[in-house]
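What follows is each chain in one-letter form.
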Amino acid sequence: MSENSREPEPPEPPRREFRFKPTTFERANPATGAENNPPIDVRDIFRQASAGPPKPRATPDPAANEVHDILRANLARENETGRNDVAPEPRRASRRKRDYWFLLLGGYLLFAIIAVISRNYVVLVFGGAGMILYTLGVTWIMWHVMDDY
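If you're wondering where the values come from, they're calculated on a predicted model, not measured in any experiment. (Residues numbered from 1 in each chain as written. Predicted model: local features only at pLDDT ≥ 70, side-chain atom pairs only at ≥ 80, totals over all residues. Heavy atoms only, no water.)

### Looking at the environment of Ser94
Rules: Each helix corresponds to a stretch of at least 4 residues labelled H or I by DSSP, and each strand to a stretch of at least 2 residues labelled E; elements are numbered beginning at the N terminus. Buried residues are those whose accessible area, probed at 1.4 Å on protein chains only, stays under 20% of the maximum for their type, while exposed residues exceed 50% and partly exposed ones sit between those limits. A contact between two residues is defined here by any heavy atoms of the two lying within 4.5 Å. Between N or O atoms, a polar contact is any pair within 3.5 Å; within protein, one atom must be a potential hydrogen donor and the other a potential acceptor, and residues adjacent in sequence are included only when both atoms are from side chains.
When you line up the elements, Ser94 lands in the loop between α2 (66-81) and α3 (96-118). The class of Ser94 is partly exposed, set by a relative accessible area of 34%. Taking the C-alpha atoms as reference points, Ser94 and Asp148, 54 residues apart in sequence, are found 6.6 Å from one another. In contact with Ser94, not counting residues within four places along its chain, are Asp148 and Tyr149. Within the local environment of Ser94, its side chain forms a polar contact with the side chain of Asp148, the two groups lying 2.3 Å apart.

### As for the side chain of Asp99
Note that Asp99 resides in helix α3. Not counting residues up to four positions away in its chain, the partners in contact with Asp99 are Met142 and Tyr149.

### Points about the pattern of salt bridges
Short version of the rule: By definition here, a salt bridge exists when the distance from a side-chain nitrogen of Lys or Arg to a carboxyl oxygen of Asp or Glu is within 4 Å.
Applying the stated criterion across every chain, the model contains eight salt bridges. Across the salt bridge formed by Arg47 and Asp44, the nearest N and O atoms sit 2.2 Å from each other. Here Arg47 and its partner Asp44 are both found in helix α1 (residues 42-51), three residues apart, which amounts to about one turn of the helix. We note a salt bridge from Arg98 to Asp99, for which the minimum N-O separation is 3.3 Å. Judged by its relative accessible area of 55%, Arg98 is exposed. Ionic contacts of the salt-bridge type, sharing partners, join the residues Arg91, Arg96 and Asp148 into one network.

### With respect to a nonpolar patch on the surface
The criterion, for reference: Note on patches: the residues involved have over 30% relative accessible area and no salt bridge, like charges join within 9 Å, and the nonpolar side chains Val, Leu, Ile, Met, Phe, Trp and Tyr join within 5 Å. All accessibility values rest on the Shrake-Rupley procedure with a 1.4 Å probe; residue burial counts only the protein chains present in the view.
A contiguous nonpolar patch, built from Trp140, Ile141, Val145 and Met146 and spanning about 400 Å² of accessible area, is present on the exposed surface. Relative to the helices and strands, Val145 is located in helix α4 (residues 121-145).

### Here's the deal with α2
At 3.6 residues per turn, the α-helix brings residues three or four places apart onto the same side. Stated precisely, the cut-off is as follows: What a helix should span is 1.5 Å times the count of its residues minus one.
Compared with the 22 Å implied by 1.5 Å per residue over 16 residues, the 23 Å span of α2 between its first and last C-alpha is a close match. In the segment just after α2, Gly82 is the residue with positive phi, at about 85°.

### Some thoughts on the packing of aromatic side chains
Applicable threshold: A pair of Phe, Tyr and Trp rings is counted when the ring centres sit within 6.5 Å of each other, with Trp represented by its six-membered ring. The angle between the planes then sorts it: under 30 degrees is stacked, over 60 is edge-to-face, the rest tilted.
In the structure shown here, the tally under the stated rule is three aromatic pairs. Ring geometry for Tyr100 and Trp101: centres 5.3 Å apart, planes at 70°, overall edge-to-face. Judged by relative accessible area, Tyr100 falls into the buried class, the value being 9%. Between Tyr100 and Trp143 the ring centres are 5.6 Å apart and the planes differ by 65°, which places this aromatic pair in the edge-to-face class. Here Tyr100 is found in helix α3, whereas its partner Trp143 is found in helix α4, with 43 residues between them in sequence.

Next comes the structure, spelled out in structure tokens:
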């Protein structure tokens, strides 16, 4: 057999069409759409705007459906068993203040030792400036950036 004598390919099957099924649920709220609203006329809108604020329409509230009844029953059952009676836990003591003072005094000690060992006035002034910058940095990080732990 040669390459030109192949059998013809079978035709492709027809494409399947997919569609949504019709809805089978009951509406709990009234439908809003074009069938419930009359067409809008611009002259009516102008007349309403020049007449002042509109009078409120009396719209009936949709009846509570069974979901609300189930939720009310669940809440009543939880209240009877006392599961909704929650007492706040006492706050745990924070270690942030202790760590802040530990870091501050440790940094001051480091700057003071360096300034005293060098015995140079320039290093002493820079040590004082370093203490100020260190205080600002540690205070910013501990009290404004970090959360209570």
